[in-house]
Amino acid sequence: LKYSEEQAKRKKLHNQIQEAKGNIRVFCRCRPLSKEEISARYSTVVDFDAAKDGDLGVLTGGSTKKHFKFDRVFTPKDDQVDVFVDASPMVVSVLDGYNVCIFAYGQTGTGKTFTMEGTEHNRGVNYRTVEELFKVANERSETFSYSISVSVLEVYNEQIRDLLATSQTSKKLEVKQASEGVHHVPGVVEAKVENLKQVWDVLQAGSNSRAVGSNNVNEHSSRSHCMLCIMVKSKNLITGECTNSKLWLVDLAGSERLAKTDVQGERLKEAQNINRSLSALGDVISALANKSSHIPYRNSKLTHILQDSLGGDSKTLMFVQISPSENDLGETLSSLNFATRVRGVELGPAKKQI
Ligand code: ADP
């Protein structure tokens, strides 16, 4: 009963916060300069003087500085733990019955995979999320029973691939509406996980099958969206109430524009599909932020898959990943502008640096 009361209180508080702030948060994370950038003597164009207030300054040339405002700004010095501390309240709310979506958006090489997957010794949001879910589920085990399962999908060229399927069927995977407000992809493997070892194995299996069939794994990953779905069934052992909720963790395709000379054949098709799905995502989130009456979910596979987890009372967190280097200024500004639009709060014109 104690937990039910607490849960009801949290829901009420959550609803009040949503009313005031909307349910979309944008965190900006900047990676360090790479060794190559340091030896090429590229300078840093990003300033973090007011990063703790969510302000980011970008030197756009001469003495001009453009300012951006986000819910959080992580500097190259912030580590995986710092990032997860701020993301964790959002992920835990999946245990309270909310649908949650977390994305990493940005140019290839800015740390999307580092933030979401991390490395074996420096794990990212995906693994830490499941670790936290198990921990909280365990703390609540007297009142709730939870069952957690995981799916891993890839969207490449507007086609959905199940990365946990042991054999790829020729049957096309499509999004279907299961019931009012519930969307799913029938036939996708849902691996039940009961401990962290199983989760790690599932994530590795997903990662490994991403590589299958592509001659350059890194290039392939940068042109496809990798989508991890954590499904939670919860049962309140006292009241008998059951809920189903989902948490999506998405490492998006690179947002960079291709050089005009590169764009032909397959690459052109890929580039168009990436553009289409990333702009569809931007359109959906900003339509939600602006409380628009029509939300264009159907414009891409990505947004269609996420339809029941974007909007309504679900929560969205976007990491906009950037490079600090002067060499990437154009792409950095384009990502920051996208994120600003998504947040539904436009800032005034660029300020002069004093
Ligand atoms: P993306 O997924 O956006 O293409 P990656 O995650 O592959 O980018 O990151 C590119 C490189 O930068 C990797 O070598 C990664 O380890 C490194 N990197 C990214 N972000 C950070 C960070 N915050 N701290 C240290 N290294 C980072």
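**Here we look at the nonpolar core**
Burial of nonpolar side chains together is a common tendency in soluble globular proteins. Residues L56, F70, F103 and V320 are the most contacted members of the largest nonpolar core, which totals 51 residues. With seven residues, helix α8 (residues 265–289) is the largest single contributor of residues to this core. Once you skip the residues sitting within four places of it in the chain, F70 turns out to touch V26, C28, G54, L56, V320, L336, A339, T340 and R343. In terms of nonpolar packing, the next biggest core, distinct from the first, is built from 40 residues, V91, L95, F134 and I148 among them.

**Some details on the state of the cysteines**
Summed over the entire model, instances satisfying the criterion amount to zero disulfides. Take C101: it sits in no disulfide, and the sulfur closest to it among the cysteines is that of C229, at 8.6 Å. Exposure remark for C101: the relative accessible area of 0% places this residue in the buried category.

**Observations regarding the site of the ligand**
Contacts to the ligand come from R29, R31, P32, Q107, T108, G109, T110, G111, K112, T113 and F114. Contact between the ligand and T113: an oxygen atom at 2.7 Å from a side-chain N or O atom of the residue. F114 is positioned with one of its backbone polar atoms (N or O) 2.8 Å from an oxygen atom of the ligand. In terms of residue count, the dominant contributor to the shell around the ligand is helix α4 (residues 112–116) (three residues). Per-class residue counts for the shell around the ligand are two nonpolar, six polar and three charged.

**Regarding the confidence of the model for the chain**
Close reading of the predicted structure is inappropriate where its pLDDT is low. A residue-level look at the chain finds 89% of positions with pLDDT of 70 or above and a mean pLDDT of 87. Note on residues 345–354: pLDDT under 50 across the span, and 17 contacts to partners over four residues away in sequence or across chains.

**Considerations on the packing of helix α5 (residues 125–139) against helix α6 (residues 196–211)**
To characterise two packed helices, one gives the angle between the axes of the helices and the distance between these axes. Taken N-terminus to C-terminus, the directions of α5 and α6 make an angle of 155°; their axes are 10 Å apart at the nearest point. When the axis of α5 is compared with that of α6, the two are roughly antiparallel. Once α5 is placed against α6, the crossing between them reads as right-handed. Residue-level inspection shows N126, Y127, V130, E131 and F134 of α5 in contact with α6, the latter providing L196, V199, W200 and L203.

**Digging into the packing of aromatic side chains**
Within the structure shown, the criterion is met by six aromatic pairs. Aromatic side chains Y127 and W200 sit 5.5 Å apart centroid to centroid with 90° between the ring planes, which places their arrangement in the edge-to-face category. With Y127 in helix α5 and W200 in helix α6, this pair connects stretches of sequence that are 73 residues apart. Assigned by exposure class, Y127 and W200 land together as buried. Ring pairs connect the aromatic residues F27, F74 and F319, which therefore count as one cluster. Geometry around Y127 places R123 over its ring, the cationic atom sitting 4.1 Å from the centre. Positioned above the aromatic ring of W200 is the side chain of R123, whose terminal nitrogen or guanidinium carbon lies 4.0 Å from the ring centre.

**A closer look at the pattern of salt bridges**
Tallied over the entire structure, the rule returns 18 salt bridges. D71 is paired through a salt bridge with R343; the nearest N and O atoms lie 3.1 Å apart. Of this pair, D71 sits in the loop between β4 (64–69) and β5 (72–74) while R343 is found in helix α10 (residues 329–343), placing the two residues 272 residues apart along the sequence. With relative accessibility at 17%, the residue D71 sits in the buried group. Take R343: its relative accessible area is 18%, and that puts it in the buried class. Residue K197 is joined to D201 by a salt bridge in which the shortest nitrogen-to-oxygen separation is 2.7 Å. Taken together, the residues K197 and D201, both in helix α6 and four residues apart, mark about one turn of the helix.

**Some points on the packing of α8 against α10**
At a closest axis distance of 7 Å, the pairing of α8 and α10 adopts a crossing angle of 35°. In this structure, α8 contributes L278, S279, G282, D283, I285, S286 and A289 to the contact, and α10 contributes F338, R341, V342 and R343. Its residues assigned to classes, the contact of α8 with α10 comprises five nonpolar, three polar and three charged.

**A few points about the environment of A211**
Topologically, A211 is positioned in helix α6. Using a relative accessible area of 24% as the deciding quantity, one classes A211 as partly exposed. Measuring from C-alpha to C-alpha, the distance between A211 and L163 comes to 9.9 Å, with 48 residues separating the pair along the chain.

**Some points on the environment of S255**
Tracing the backbone shows S255 in the loop between β15 (242–251) and α8. With a relative accessible area of 7%, S255 lands in the buried category. Each C-alpha atom of the pair S255 and L278 lies 7.4 Å from the other, and the pair is 23 residues apart in sequence. Aside from chain neighbours lying at most four places away, what touches S255 is Y105, G106, Q107, L278, E331 and S335. At 3.1 Å, the side chain of S255 forms a polar contact with the backbone nitrogen of Q107.

**Here's the deal with the side chain of S300**
Take S300: it is sitting in the loop between α8 and α9 (301–305). There is a polar contact of 2.9 Å between the side chain of S300 and the side chain of T303. Those residues within four positions of S300 in sequence are excluded, and the remaining contacts are E158, R276, S277 and A280.

Calculation criteria
- Residues numbered from 1 in each chain as written.
- Predicted model: local features only at pLDDT ≥ 70, side-chain atom pairs only at ≥ 80, totals over all residues.
- Heavy atoms only, no water.
- Core = buried A, V, L, I, M, F, W, Y, C linked by side-chain atoms within 4.5 Å.
- Buried < 20%, exposed > 50% of the residue type's maximum accessible area, 1.4 Å probe, protein only.
- Helix = DSSP H or I, 4+ residues; strand = E, 2+ residues; numbered from the N terminus.
- Contact = heavy atoms within 4.5 Å.
- Disulfide = S-S within 2.5 Å.
- Near = heavy atom within 4 Å.
- Polar contact = N/O pair within 3.5 Å; in protein donor to acceptor, adjacent residues only side chain to side chain.
- Nonpolar A, V, L, I, M, F, W, Y, C, P; charged D, E, K, R; others polar.
- pLDDT = per-residue confidence, 0-100.
- Axes fitted to C-alpha atoms, helices over the stretch in contact; angles between N-to-C directions.
- Parallel < 35°, antiparallel > 145°, perpendicular 65-115°, else oblique.
- Left-handed = near helix turned anticlockwise from the far one by under 90°.
- Phe/Tyr/Trp six-rings, centres within 6.5 Å; stacked < 30°, edge-to-face > 60°.
- Lys NZ or Arg CZ within 6 Å of the ring centre and 35° of its normal.
- Salt bridge = Lys/Arg side-chain N within 4 Å of Asp/Glu carboxyl O.

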